[in-house]
Amino acid sequence: MEHLDPGDEKIVLGIESTAHTFGVGIASSRGKILANICYTYRPSTGGIHPREASQHHSRIAPKALKEALDASGLRLSDLDGVAFSIGPGMGPCLRVGATIARALALRSGKPLLGVNHGVAHIEIGRLVTGCRDPVVLYIAGGNTIITGYLDGRYRIFGETLDIAAGNCLDVFGIKVGIGPMPAPEEYARRGERFHPLPYRVKGMDVSFSGLLTAALKLYSQGVKLEDLCLSMTETVYSMLTETLERALAYAEKEEILLVGGLARSRRLREMVEEMAKLHGARVYVVPPEYAGDNGAMIAWTGVLQLLAGQVIAVDESRIRPRFRIDEAEARWRRLGL
C-alpha cells in the first residue's frame, strides 16, 4: 500500500461496536491492515436486540482484543492511538466500544480518536480499492446514503427517507421465511416474472417502506416467492442506480465507490457498472471482508484522524448515536491523505 505518512509510521487500534458486530482492527499509516478480528451477535429470532448485542460485545471483547494484538505481533505499548466508533449506531452497543477504548487510551497514555462509522466505511473503501475522489453509495442494513467529499466534509447528496435498502430486503426475507440478504437475491436469480412495485425516487432521495409493504401483500396473495424476490431486488437496485447516476452528474466526478454490506450484491454492481459506462466513470467495490462492519475500517480512519490531529479528550468522548456523515470533519482530505 502507498505510504501516506511523511514522518514515522503510526499504528492505531480501532474498535467497532455500532450494531451486531464487535470488531478490533489494527492499521498502520503505511496503509497496512495488521489485524481485523470480528465477532457477530446473531439473535435467535427477529432483528438485533441492542442490550443483548451489547452484552455479547462485552463478553467477546477481551478475546477479540487479544487475538488482534496477537495477529499483529504488537503490544498495547506499541500503539500510537486508540480509535472507536463514536456513532451513529445503537446506544448500548456504542457504549461498550467507547468504554473499552477510553480504558485502553488511559492505560497506554495514547491519543483517543472518535470515528464516524459511515466515514470509516468510505475510507477503508478508498484505501483498499485505490480510488481517490469518488461519489459513494453507502448501502447497508441500516444506511442508504449517496455522498461525496467537498470542502472538508462528506456531503450527503441523497439518502433514504425511511428504511434502508438493506433493511428492506432483510425484513422481506425474514418475514417470508428465507432469511436476510443474500437469500432474497439468491431467490431472485430463479425468478421469471416481474411484478411492478412502488418506485419512490424524489430527486436523489429514495423511499422503500411502501415497496416492502406492497411486496409482503403480494406474497400473502400467493405470488411466487422467486418472482417477488426478482421484483424487489430489481426495483430497489434500479432506484439506487438512478439516484447514483444523478449524483454522479451533479458532482462531476469520475469514480464511483460502493461500500457497506449490500455492496456485496453482484446484481447491483452489474447495474451500476452499466450506468457508469454511459458517463465514462470507473466503478470500485469494497472487498467482501471490508464490506460489512469491521474493526479495520475504524483503525484506518483513526490513522487518518491521528495524522490530521483530530483527537478527542476522554471527557469529551460521549457517543453520538445519530452522528451523520456530513457532521464529521474529514480534515485529512485537506492534507491530501
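Described in the following lines is the structure provided in the data block.

Rules and cut-offs
Residues numbered from 1 in each chain as written. Predicted model: local features only at pLDDT ≥ 70, side-chain atom pairs only at ≥ 80, totals over all residues. Heavy atoms only, no water. Core = buried A, V, L, I, M, F, W, Y, C linked by side-chain atoms within 4.5 Å. Buried < 20%, exposed > 50% of the residue type's maximum accessible area, 1.4 Å probe, protein only. Helix = DSSP H or I, 4+ residues; strand = E, 2+ residues; numbered from the N terminus. Contact = heavy atoms within 4.5 Å. Axes fitted to C-alpha atoms, helices over the stretch in contact; angles between N-to-C directions. Parallel < 35°, antiparallel > 145°, perpendicular 65-115°, else oblique. Left-handed = near helix turned anticlockwise from the far one by under 90°. Nonpolar A, V, L, I, M, F, W, Y, C, P; charged D, E, K, R; others polar. Salt bridge = Lys/Arg side-chain N within 4 Å of Asp/Glu carboxyl O.

Quick look at the nonpolar core
Okay, so step 1: In this structure, Leu 13, Phe 22, Phe 172, Leu 240, Leu 244 and Ile 256 are the most contacted members of the largest nonpolar core, which totals 115 residues.
Okay, so step 2: If one sorts the elements of this core by residue count, helix α7 (residues 225-251) sits on top with 12 residues.
Okay, so step 3: When neighbours within four sequence positions are excluded, Phe 22 is seen to be in contact with Ile 15, Glu 16, Ser 17, Ile 37, Cys 38, Tyr 39, His 57, Ile 60, Ala 61, Ala 64, Val 96 and Ile 100.

Here's the deal with the packing of helix α1 (residues 50-72) against helix α2 (residues 91-108)
What describes two packed helices is the angle between their axes and the distance between those same axes.
Okay, so step 1: Between α1 and α2, the shortest axis-to-axis distance is 7 Å and the interhelical angle comes to 30°. Compared by their axis directions, α1 and α2 come out roughly parallel. The chirality of how α1 crosses α2 is right-handed. Between α1 and α2, the residues in contact are Pro 50, Ala 53, Ser 54, His 57, Ser 58, Ala 61 and Leu 65 and Pro 92, Cys 93, Val 96, Ile 100 and Leu 104, respectively.
Okay, so step 2: Residues of the contact of α1 with α2, tallied by class, amount to 9 nonpolar, 3 polar and no charged.

Structural notes on the pattern of salt bridges
Okay, so step 1: The final tally for this structure, using the stated rule, is 16 salt bridges.
Okay, so step 2: The partner of Arg 75 in a salt bridge is Asp 78, with the nearest N and O atoms 3.9 Å apart.
Okay, so step 3: Judged by relative accessible area, Arg 75 falls into the exposed class, the value being 58%.
Okay, so step 4: Judged by relative accessible area, which is 29%, Asp 78 ranks as partly exposed.
Okay, so step 5: A salt bridge links Lys 253 to Asp 133, with the shortest nitrogen-to-oxygen separation between them at 2.9 Å. Of this pair, Lys 253 sits in the loop between α7 and β11 (255-259) while Asp 133 is found in the loop between α3 (117-129) and β6 (135-139), placing the two residues 120 residues apart along the sequence.
Okay, so step 6: Residue class for Lys 253 comes out buried when judged on its relative accessible area of 15%.
Okay, so step 7: Accessibility expressed as a relative area gives 30% for Asp 133, which makes it partly exposed.
Okay, so step 8: In this structure, a network of salt bridges that share partners links the residues Asp 133, Lys 253 and Arg 333.

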